[in-house]
Amino acid sequence: MNTEDIIALEKKYVMHTYGRQPLALSKGNGALVWDVDGKKYIDCFAGLAVNNVGHAHPKVVDAICNQAKKMLHCSNIYYTEEQVVLAKLLCEISSYDKVFLCNSGAEANEGAVKLARKYTKKGNVICMDNSFHGRTLAMVAATGQHKYKKGIEPIPQGFKHTPYGDVDAVAEKIDDNTAGVLVEPIQGEGGVVVPPKNYLKELKELCEDKDILFMVDEVQTGFGRTGNMFASEIFGVNADITTIAKGLGGGFPIGGILAREEIADAFEAGDHGTTFGGNPLACAAAKASIEAIMEENLTDNAKKQGKYFKDKLMQLKKKYGIIEDVRGYGLLIGMELNIKCGDIVNKVADKGVLINCTADKVLRFAPPLLIEKDQIDVTLDVLDEVLEKVS
Ligand SMILES: *Cc1c(COP(=O)(O)O)cnc(C)c1O
């Protein structure tokens, strides 16, 4: 099938929940992808910050193929070596004590809120304006953006919102029924919004003071994306609970909740679960992906290439008045424009580079962490050409 055939079938048979680009992708390698018509692209989106180790990483491919020959799935009614090995590895790289494995970011956050309620015996979680925590009903409620809540009311209760970056506003919202705070270390979907330097530290101190839980959503920022294994490290905080997904499986769907022992133990047998979560195939993929990040020093490459990328984007800002701001850490970079950026994304794709537009006016760059300097240079040249035309 060519692109046109695929788009026609999608139109007929798939629910139209996505604003898609008119591209049908078929394969990838490293930081490159190809569409079904054979056109090559530099992938500066990485499946929304998921393909951190690049496409078709041999280590991840081998792990998946070898595991597929043994067993794809068995219920959580039984033990598997793959699950406990991944759990141990996750605890070691994050300095948490225990993990619950699930299938997605939204599911991880749902579980974190259940755990927080169970542990504290309190109902409310304070979230941030402009945040994004997923698409299940409760996570739409947690998400601080009205557009995701329209037309699906009633929205579940138990979430309050305060401006991102404002610790005093959180302090004012805390009451006797507050279980904790849930916050992204950098707001990805909200436009790669970086908080004030001391925000997370002060927020954590406030939570300790008030004896409520400090929960961090690292679904988008985790696994080397920001130049550290977790973005919390940049801000010097270690949350009571951290949620993970996206980059965890190197492209295979898997999510998780990380918690300190005392909190994790609030879940007893039967309290929480999932049929697929932590199945041997997903765990084998995630283990291989994390090992690849560590063995190939991809966090360092994210830091190094991210700095180069961001510096060059800053130079473009001097050249084009439509660029308002360039921000981010490692290879999670946002370029805010004073115009909507959907059209720019399409024009850049025509020239063979995939980028993304979020929060209407923010170009988001999130390539695989193994991207090379010359691929960034091509991306910058393409962006320069396109910005010149629209400015
Ligand atoms: C993508 C994302 C989610 C939701 O993850 P899904 O796997 O799509 O459910 C939650 N939180 C953050 C910060 C995200 O970026």
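Conventions and cut-offs
The residue numbers shown here count from 1 along each chain, following its written sequence. Confidence filtering applies because this is a predicted model: local features only for residues at pLDDT of at least 70, side-chain atom pairs given and counted only at 80 or more, and all residues used for totals across whole chains, interfaces and linings. The side-chain quantities take in all heavy atoms of the structure and omit both hydrogens and water. Whether a residue is near a molecule or strand depends on its heavy atoms: it is near if one of them lies within 4 Å of it. Under the rule applied, a polar contact is a pair of N or O atoms within 3.5 Å (in protein, one hydrogen donor and one hydrogen acceptor; residues adjacent in sequence only if both atoms are side-chain atoms). Accessible areas in this description were obtained via Shrake-Rupley with a 1.4 Å probe; residue shielding takes into account the shown protein chains only. Only DSSP runs of H or I reaching four residues or more are called helices, and only runs of E reaching two or more are called strands; each is numbered from the N terminus. Nonpolar residues are Ala, Val, Leu, Ile, Met, Phe, Trp, Tyr, Cys and Pro. Charged residues are Asp, Glu, Lys and Arg, and all others, Gly as well, are polar. Two cysteine sulfur atoms form a disulfide, by the criterion used here, when they sit within 2.5 Å. A 1.4 Å probe rolled over the protein chains alone gives each residue an accessible area, and that area as a share of the maximum for its type sets the label: buried under 20%, exposed over 50%, partly exposed in between. For this document, the term salt bridge refers to a Lys or Arg side-chain nitrogen within 4 Å of an Asp or Glu carboxyl oxygen. A fitted line through C-alpha atoms represents every axis, and for helices the fit uses only the stretch in contact; the resulting angles, taken between N-to-C directions, go from 0 to 180 degrees. An angle below 35 degrees is treated as roughly parallel, one above 145 as roughly antiparallel, one from 65 to 115 as roughly perpendicular, and anything else as oblique. Left-handed describes a crossing in which the near helix is turned anticlockwise from the far one by less than a right angle; the clockwise case is right-handed. In what follows, residue pairs with any heavy atoms lying within 4.5 Å of each other are defined as contacts. Stacked, tilted and edge-to-face are the three classes applied to pairs of Phe, Tyr and Trp rings, where Trp contributes its six-membered ring and a pair requires centres within 6.5 Å; stacked means planes under 30 degrees apart, edge-to-face means over 60, and tilted covers the rest. In our convention, an over-ring charge means Lys NZ or Arg CZ found within 6 Å of a ring centre and within 35 degrees of that ring's normal. For the purpose of counting charges, residues Lys and Arg are taken to be positive, whereas Asp and Glu are taken to be negative. His and the chain ends are not included.

A. Local environment of the site of the ligand. Close to the ligand lie S104, G105, A106, N109, F132, H133, G134, E184, D217, V219, Q220 and K246. One nitrogen or oxygen atom from the main chain of A106 is found 2.8 Å from an oxygen atom belonging to the ligand. At a separation of 3.3 Å, a nitrogen atom of the ligand approaches a polar backbone atom of F132. Out of a free accessible area of 380 Å², the ligand has 82% covered by protein chains. Top element by residues in the shell around the ligand is helix α5 (residues 105-120). It accounts for 3 residues. Broken down by class, the residue content of the shell around the ligand amounts to 3 nonpolar, 6 polar and 3 charged.

B. Molecular detail of the state of the cysteines. The tally for this structure, following the rule as stated, stands at 1 disulfide. With no disulfide of its own, C44 lies 15 Å from the sulfur of C341, the closest cysteine sulfur. Take C65: it sits in no disulfide, and the sulfur closest to it among the cysteines is that of C283, at 17 Å. You can call C65 partly exposed: its relative accessible area is 38%.

C. Local environment of the pattern of salt bridges. In total, this model carries 21 salt bridges according to the counting rule given. Two residues, K98 and E261, come together in a salt bridge whose shortest N-O distance is 3.0 Å. Pair noted here: K98 is in strand β4 (residues 98-102) and E261 is in helix α9 (residues 261-264), with a separation of 163 residues, a long-range link. One continuous salt-bridge network, built from bridges that share partners, spans K59, K287, E291 and E295.

D. Structural detail: unusual backbone geometry. Across the junction of E153 and P154, the peptide omega takes the value 5°, indicating a cis bond. Relative to the helices and strands, P154 resides in the loop between α6 (137-142) and β6 (159-162). Despite not being glycine, L48 has its phi angle at roughly 65°, a positive value. Here L48 is to be found in helix α2 (residues 46-49). Its relative accessible area of 23% is what places L48 among the partly exposed residues. Positive phi is not limited to glycine here, since A56 has a value of about 55°. By the secondary structure assignment, A56 is in the loop between α2 and α3 (58-70). Judged by relative accessible area, which is 45%, A56 ranks as partly exposed.

E. Quick look at the packing of α3 against helix α10 (residues 280-295). Viewed as axis vectors pointing N to C, α3 and α10 meet at an angle of 160°, and their least axial separation amounts to 8 Å. What the angle tells us is that α3 and α10 run roughly antiparallel. The hand of the α3/α10 crossing is right-handed. For the pair α3 and α10, the contacting residues are K59, V60, A63, I64, Q67 and A68 in the first and P280, L281, A284, A285, A288, S289, E291, A292 and E295 in the second.

F. Representation of the packing of aromatic side chains. Tallied over the full model, the rule gives 5 aromatic pairs. Plain terms: the ring middles of Y164 and Y199 are 5.4 Å apart, the flat faces sit at 80° to each other, and that makes the pair edge-to-face. One end of the pair, Y164, is in the loop between β6 and α7 (167-173); the other, Y199, is in helix α8 (residues 199-210), and 35 residues separate them in sequence. With respect to burial, Y164 and Y199 carry one shared label: buried. With a centroid separation of 5.3 Å and an interplanar angle of 70°, the aromatic rings of F223 and F230 are classed as edge-to-face. For the cation-ring pair, K27 lies above W34, with the distance from its terminal atom to the ring centre recorded as 5.3 Å. Against the face of Y329 rests K310, its NZ or CZ located 5.8 Å from the ring centre.

G. Layout of the packing of helix α12 (residues 342-350) against helix α13 (residues 373-390). The contact between α12 and α13 brings their axes to 10 Å, and the two run at 135°. Taken as axis vectors, α12 and α13 run oblique relative to one another. The crossing of α12 and α13 is right-handed. Contact with α12, carried on its side by I344, K347 and V348, involves V382, L383, V386, L387 and V390 of α13 and no other residues of that element. Counted by class, the contact of α12 with α13 contains 7 nonpolar, no polar and 1 charged residues.

H. Spotlight on the side chain of E107. Within the secondary structure layout, E107 lies in helix α5. K114 provides the closest opposite charge to the buried, unpaired E107, separated from it by 8.7 Å. Those residues in contact with E107 that lie beyond four places of it in its chain are C102 and T274.

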